[in-house]
Each structure stands twice: as structure tokens, then as C-alpha cells.
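In case you want the letters, here they are:
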There are 2 protein chains.
Amino acid sequence: MQTFFCAILNDTSAQLKEEETRHLKVLRVKEYDVIRCVDGLGGVFDCKVLKIGKDYTDLEVLTFERFERSKNFYLHLYLAPTKNAERIEWFLEKAVETGIDAITFIDTEHAEKHRVNFQRLERIAISALKQSGQLFLPLLNPITPLNQVSPKGTILFAHCEIGQKQGLVDYFNSNKLQGDIHVFIGPEGDFSKIEIQKMYASGYAAISLGNSRLRTETAALYTVMVINALSPILPSS
Amino acid sequence: MQTFFCAILNDTSAQLKEEETRHLKVLRVKEYDVIRCVDGLGGVFDCKVLKIGKDYTDLEVLTFERFERSKNFYLHLYLAPTKNAERIEWFLEKAVETGIDAITFIDTEHAEKHRVNFQRLERIAISALKQSGQLFLPLLNPITPLNQVSPKGTILFAHCEIGQKQGLVDYFNSNKLQGDIHVFIGPEGDFSKIEIQKMYASGYAAISLGNSRLRTETAALYTVMVINALSPILPSS
């Protein structure tokens, strides 16, 4: 069954917005058909199509189930917009497929780009969510200057300068993979020396992602994939 | 220093081909300048530019160093061409950045596409090699029917059907990460039931890549990234 992304209004009503309504029409779903919906917050709904409007679809909620997150950690990535927006876009698609909870776009000293197209990113995230069967849409936070971010929990960062670093797998062999995990990925021109010093001074753990120079979006995806792979949650099949 | 990809002719001569010659001209390198070259086989050369032709550049090899592979395993991925060629292309870029030794494109029962643009893939691989500082270009094998591939070594496969599977990290916690490692990734329509049965019957180990449905190129990259992350080789910085 094709899955749609819906906004849940109350226990009995939900609505598809413009993009999903267009999708519904492409698939030739008719009024009174039953469709499967997700809300990106763990909810899975079977809904009857009540009214297909020009840019919205009204739904009656028939059954719903709300799932809890199946992991014992919450992964938050911080990365700078890439010059070529496509690089962030494919990172997002792959990260949502694999599993990610939040992304904050950071503004750093060496950043050359200071904006992202959130509407487009949201569409990509929703599409990857539906395709992969993930139930939780990541939070996409607005662009924030690096020095205004002050996360709590396990904080890691990846940079390309020489310095004390621990392999990502090694790190989680000696530290528990649980709770809030924040990972800062160096931008295309890397973090500045001062930014790196500040992160060391703040007690952030510098991690190594191997011997080669990874592009910023590759480094970000590597982190997401490896941390998910290390998760002790057993696969359902 | 900008790196170029060269074909080494003998101990003293090397040559840049058309694409790299174009690149050299863009960077305004002149005759008698010294450039850094790699050959994708572990060789790193400093070369003097002798003659910049229309579609080739003759080089004099000044110094060369040949590096051995720094890993104790050889990773060979088998995957089917995706309908959208871009998906294989970005997989290749990211896999070369991270580290991969060989890719064989397979023809499977559910395959909808039976060719890839090798010339384009080679260009992408060379570009990723230079950008990332990797020294070994992966072998790109022609499209081969799945039933004509008979690898030796550790053989893993990933499919979406229900069946006995082991998590990728679990697998390498109980089996050594060394020697020839071959991984077969299900195509966009997954392997057929018969193909899956045959792989189980041949003793291939079915691996799980987590709970969500990964696209074929995401699954392939996940495998490459996680296996590299588990590698015991210590990072140089």
C-alpha cells in the first residue's frame, strides 16, 4: 500500500496538504478509498478519503497506532550548507532512510553559503520517510551560528586538522551509545583553527572518520550510518 | 598542491590523458611546472610537465613512491544498475572517498536496467580519488549475470525478504574482517525468491542493514562505510 504524509487534526480527522494531494491524484485514489498515512511523529493511520480538494484532501481516521522510537539514542547532526545544494539534499535523503533525529545547519567562519531551501529539504525528507518506512521525520533547525549552539549530552566533532582524535567505532566501544548524541561536521573549508580550539576546550570529543579526506556531506552520512549500525537494537527481520 | 591522475609509461615518463590535460589547462599549469600525480595503483609521482598537447600531456617523472594498501581486507561490492544512473554515480563517488576495491555490476532477475556508462563512472571515480586523497582506484567490472559470478572468500548478501539475517556489525564481531570480502546488494526490485534461496544454499551469509527499507545505493554505501569504520587500521591523524 502506498503511504501518504498527513497532518493529524484530531482523533478522527486528518488532512493531506498540497504536495500529498497531488501525489494522491497521480495515484488515482478516489473519494471513499482507504489510504495508509504517517505523520512523521511515530503515528500510522488508516484513513478514508472524504474530500479531494484542489490543494488539500480531507481524511477520516479509521484506525491509528502510535509507535515509540526503537533506539535508545537521539542523533543530532550539525553541518554547514554546501555550496552545491544537491549535496545536502542527498545527504538528507540517505540520512532519513538510515535514521536521524535532528539536523541543525550551522554558520561557521569558513562557510561560503548561508542559506538552505527548507521547503525543498522538507519535501525530500518526507519522500525518504515514506519510501524507507521510517516513522520519525527529523527536526530541521534553522541556520544558527556555531558559537550560539550549546548542546547537552554526548558531543562529538569531526575536523581535518591534525589533533587528538578517536575513531568513531572506538569511541562507542568505550562510551555508551545512548541519550542525546550531537555531532558537528566540519564545513567544506573545515572548521577554523579557533573553532577547533574552542571545541576541544569545551570538552567536545574529536572523532576520526578514517584516513581519507571526506567531503562534508560524506562525513555527515558516514557518521549517521556508522552510529546507526552500532546501535544494539535488533532488526525485526 | 593539486593532484592529477596519470598513466605511468615507464620509470621516467608518464602521461596525462584528455580529461586531465583539460584540467591542467584550466589550472593554468605551464610547461616545466612540477605537478603531483597519482596512478590509482598506490603510486604518487612528482612530475615535470614536458609538453602540453591538444589532448595529452607528456610528463617527466622526477620522484615516485609506491604505497601498499593499508587495510587487511579487499572489499568487492556487487550491485545492479539503478534506473536513475545518478544514484549509482553518487554511490561511486562516496564509496571511492570512503574506500572500496572493486565493484561488479550484476544483472539480476528483477533488473530493469542492463547497462552503465563506464566512461562516466571512471571519471567520477578518478575525481573522487583525487579529491579524497585515496590512492587506489577501484576496479569497475562489466555487467555480469548474477549466476555467473562465483567469488571466493567471505560472501555476504543483503535482501529485503524475511529470512535469517545477522546485523553487519554483529557479523564482523564474530567473523574476522580480513581477506576478500564480497557483498551482494539487492537491486531496486530486490533479488528474486529463487536468487535468495540460491545464495542461502551457496552458504552466502545474509546480513541485515537495519530496520528500514534502504534504497539499493544507500544499502551499498552503508555496507562500504560500516565495513571501513570497523577496520582496525588506525587513522594517521
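Located above this text is the structure these notes cover.
Residues numbered from 1 in each chain as written. Chains lettered and ligands numbered in written order. Predicted model: local features only at pLDDT ≥ 70, side-chain atom pairs only at ≥ 80, totals over all residues. Heavy atoms only, no water.

Thoughts on the overall build of chain A
Then step 1. A count of helical and extended segments in chain A gives 6 helices and 13 strands.
Then step 2. On the principal axes, the C-alpha backbone points of chain A span a range of 60 × 40 × 30 Å.
Then step 3. When each of the 237 residues of chain A is scored for burial, the buried share is 53%.
Then step 4. Within chain A, residue pairs in contact and separated by at least 24 positions form 72% of the contacts whose partners lie at least 6 positions apart.
Then step 5. Of the roughly 11,500 Å² that chain A leaves accessible, carbon and sulfur atoms contribute 48%. (Helix = DSSP H or I, 4+ residues; strand = E, 2+ residues; numbered from the N terminus. Buried < 20%, exposed > 50% of the residue type's maximum accessible area, 1.4 Å probe, protein only. Contact = heavy atoms within 4.5 Å. Areas by Shrake-Rupley, 256 points an atom, 1.4 Å probe, with all protein chains shown as cover.)

Description of the sheet that holds strand β6 (residues 57-66) of chain B
Residue and element names in this part refer to chain B.
Then step 1. Taken in spatial order, the 6 strands make up an open sheet running β1-β4-β5-β6-β3-β2, and their pairing is mixed. Each end of this open sheet is capped by a strand with a single partner; those strands are β1 (3-5) and β2 (7-8).
Then step 2. Of the pairings in the sheet, the one linking strand β3 (residues 13-16) to β6 comprises 4 bridges and is antiparallel in character. Counted as the bridge partner of Ser13 is Glu60 from β6.
Then step 3. Docked against the sheet, helix α1 (residues 18-26) engages β1, β3, β4 (34-38), β5 (43-52) and β6, running at close to 155° with respect to β1.
Then step 4. In the packing of helix α3 (residues 118-132) onto the sheet, contacts are made with β1 and β4, and the angle to β1 comes to roughly 150°. (Pairing = 2+ DSSP bridges. Axes fitted to C-alpha atoms, helices over the stretch in contact; angles between N-to-C directions.)

Some points on the environment of Phe64(B)
All names here are of chain B.
Then step 1. Inspection of the secondary structure assignment puts Phe64 in strand β6.
Then step 2. Considering only alpha carbons, one finds Phe64 and Val26, 38 residues apart in sequence, at a separation of 25 Å.
Then step 3. With residues near it in sequence (within four places) discarded, Phe64 still touches Val44 and Phe45.

Points about the pairing of strand β3 (residues 13-16) of chain A
All names here are of chain A.
Then step 1. Burial along β3 is one-sided: Ala14 and Leu16 are buried, while Ser13 and Gln15, pointing the other way, are not.
Then step 2. Sheet topology note: the strand β2 (residues 7-8)/β3 ladder contains 2 bridges and is antiparallel. Of the residues in β3, the one forming a bridge with Ala7 is Gln15.
Then step 3. Linking β2 to β3, which pair antiparallel, is a turn of 4 residues.

Quick look at the relation of the copies chain B and chain A
Then step 1. When chain B is fitted to chain A, the best match, at an RMSD of 0.0 Å, comes from turning it 180° and sliding it 0.0 Å along the axis. In the structure described here, the two chain copies are related by an operation that fits a two-fold rotation axis. If distances are taken from each C-alpha of chain B to the rotation axis, the shortest is found for Val226(B), at 2.7 Å.
Then step 2. A shared binding surface is used by both copies, with 100% of the interface residues of chain B retained as interface residues in chain A. (Least-squares fit on C-alpha atoms with pLDDT ≥ 70 in both.)

Notes on the nonpolar core
Then step 1. Within the largest apolar cluster, 100 residues are counted, with the highest numbers of intra-cluster contacts made by Phe91(A) and Phe91(B).
Then step 2. Aside from chain neighbours lying at most four places away, what touches Phe91(A) is Leu77(A), Leu79(A), Ile100(A), Ile103(A), Glu217(A), Ala220(A), Leu221(A) and Val224(A). (Core = buried A, V, L, I, M, F, W, Y, C linked by side-chain atoms within 4.5 Å.)

Thoughts on the pattern of salt bridges
Then step 1. Here the structure, examined in full by the defined rule, presents 37 salt bridges over all chains.
Then step 2. We note a salt bridge from Glu18(B) to Arg22(B), for which the minimum N-O separation is 4.0 Å. Separated by 4 residues within a single helix, Glu18(B) and Arg22(B) lie in helix α1, roughly one turn from each other.
Then step 3. When its relative accessible area of 45% is taken as the criterion, Arg22(B) is described as partly exposed.
Then step 4. Between Arg123(B) and Glu19(B) there is a salt bridge; the shortest N-O distance is 4.0 Å. With Arg123(B) in helix α3 and Glu19(B) in helix α1, the pair connects residues that are 104 residues apart, well separated along the chain.
Then step 5. By relative accessible area, which is 37% here, Arg123(B) ends up partly exposed.
Then step 6. The structure contains a network of salt bridges with shared partners spanning Arg87(A), Arg215(A), Glu217(A), Glu93(B), Lys94(B) and Glu97(B). (Salt bridge = Lys/Arg side-chain N within 4 Å of Asp/Glu carboxyl O.)

Focus on the sheet that holds β2(A)
Residue and element names in this part refer to chain A.
Then step 1. Taking strand neighbours across the sheet as the criterion, the 6 strands line up as β1-β4-β5-β6-β3-β2 in an open arrangement whose pairing is mixed. The open sheet has two free edges, formed respectively by β1 (3-5) and β2, since each of these has just one partner strand.
Then step 2. Across 9 bridges, strand β5 (residues 43-52) lies against strand β6 (residues 57-66) in antiparallel orientation. Looking at the pairing, Phe45 lines up with Phe64 of β6.
Then step 3. The strands that helix α1 (residues 18-26) touches are β1, β3, β4 (34-38), β5 and β6; relative to β1, the one it contacts most, it runs at about 155°.

Some details on the packing of aromatic side chains
Residues and elements named next belong to chain A.
Then step 1. Counted under the stated rule, the structure contains 15 aromatic pairs over all chains.
Then step 2. Centre to centre, the rings of Tyr78 and Phe184 are 4.1 Å apart; their planes meet at 15°, and the pair counts as stacked. Of the two residues, Tyr78 is situated in strand β7 (residues 73-79) and Phe184 in strand β12 (residues 179-185); the sequence distance between them amounts to 106 residues. An identical accessibility class is assigned to Tyr78 and Phe184; each is buried.
Then step 3. Taking the centre distance of 5.5 Å and the plane angle of 20° together, the rings of Phe184 and Tyr204 count as stacked. Remark: Tyr204 occurs in the loop between α5 (193-201) and β13 (205-208) and Phe184 occurs in strand β12; sequence separation between them is 20 residues. (Phe/Tyr/Trp six-rings, centres within 6.5 Å; stacked < 30°, edge-to-face > 60°.)

All we've got here are geometric facts, nothing functional implied.
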